[in-house]
Amino acid sequence: MADIDVHVLDRGRIHADKNFAVDGTTVATDSDPNPDFEYVPYAVWNLVIDTPETTVLWDSGSHPDAATYWPDPLYEAFAHVDADEHDLADDLDEAGYGLDDIDAVVQSHLHLDHAGGLYHFEGTDTPIYVHEEELKFAYYSAKSDEGSIAYVPADFDRDLNWQVVHDERQLAEGIELLHLPGHTPGLLGALVHTETPLLIAGDEVFFETNYANEQSMGTSLLWGSQAWAESLWQLKDLERRHDATVLFGHDADQIEAIDGDEWP
Ligand SMILES: [Zn+2]
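These numbers come from a predicted model, not from an experiment.

A. Representation of the sheet that holds strand β12 (residues 245-248) in the model. One open sheet holds the five strands; their spatial order is β8-β9-β10-β11-β12, and the pairing between them is mixed. The outermost strands of the open sheet, each flanked by one partner alone, are β8 (170-172) and β12. The mean angle between the axes of side-by-side strands here comes to 25 degrees, regardless of whether they run parallel or antiparallel. Looking at chain direction, strand β10 (residues 188-192) and strand β11 (residues 198-202) are connected through three bridges and run antiparallel. Within the sheet, the bridge partner assigned to Ala 190 lies in β11 and is Ile 200. Packed on one face of the sheet, helix α8 (residues 225-242) meets β10, β11 and β12 and runs near 165 degrees to β11.

In structure tokens:
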């Protein structure tokens, strides 16, 4: 087992309706035709995965100017209220790292709450790992009226040292990348061989409920439901075989329960 430290960077909170994350949370019925919606916090986090070989940043969070920089309808639905208090360099500094310490970045996907810090790496030779299907879909979405509106070209249409992941692969000793299509076509997760193995589900599983009840996100956040179900089974199989702890994509309770910033 490699000697790996994982630091969790808390990058703030998005406020949004819970129905987006957990399909059918609020449903009108005959006896309750006007139920109250649940407006809940969604945690945004990044990781520093520090191995003897390399120091990896997992995702780069929202752009600090999300309130003005994201398309209005998107910010209205997904308000990242404290993005401006969470500059990537500051949050890294709190965990004891500088931008210069980062040897590689893994983008789980290129949605605007995950790729907004890539500008820090523009013009550098820092490798930015992204799945082939994700990079294609992000450009297709950004440059046409098709695809998804959650890709902001200014996040990723930059001079970056892309390293395209075509298949599941070992990123470094102790870090295995997983292709988990469902939320997006090219979502990456990982199995990290820390003392308690860490299974990064990311946005395949927004909240613990998605995982426990095998309940997907709402259709607006779901690229493919069959792919999503298959990715979930893959995660559950890995969890059992490695006795791993699963890290969810936006579960504020889980992030707030972590003592300090070190993954146990
Ligand atoms: Zn997300």
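B. Local environment of the sheet that holds strand β2 (residues 39-50). Taken together, the seven strands give an open sheet; going across it, the order is β4-β1-β2-β3-β5-β6-β7, and neighbouring strands pair in mixed fashion. Two strands bound the open sheet, and with one partner strand each, they are β4 (79-80) and β7 (161-165). Sheet analysis places strand β1 (residues 5-17) next to β2, joined by 11 bridges and oriented antiparallel. Looking across to β2, one finds that Asp 10 is bridged to Trp 45. Along the sheet, helix α5 (residues 132-143) makes contact with β6 (127-131) and β7, crossing β6 at roughly 85 degrees.

C. Representation of the environment of Gly 189 within the structure. Relative to the elements of secondary structure, Gly 189 occurs in strand β10. For Gly 189, a count of 28 C-beta atoms within 10 Å puts it in the buried group. Considered as a pair, Gly 189 and Thr 25 are 164 residues apart in the sequence and their alpha carbons are 25 Å apart. With sequence-adjacent residues up to four places away left out, Gly 189 is seen in contact with Ser 108, Leu 178, Leu 180, Ile 200, Ala 201, Gly 202 and Glu 204.

Reading guide: rules and limits
- Residues numbered from 1 in each chain as written.
- Predicted model: local features only at pLDDT ≥ 70, side-chain atom pairs only at ≥ 80, totals over all residues.
- Pairing = 2+ DSSP bridges.
- Helix = DSSP H or I, 4+ residues; strand = E, 2+ residues; numbered from the N terminus.
- Axes fitted to C-alpha atoms, helices over the stretch in contact; angles between N-to-C directions.
- Contact = placed C-beta atoms within 7 Å.
- Buried ≥ 20, exposed ≤ 12 C-beta atoms within 10 Å, placed from the backbone.

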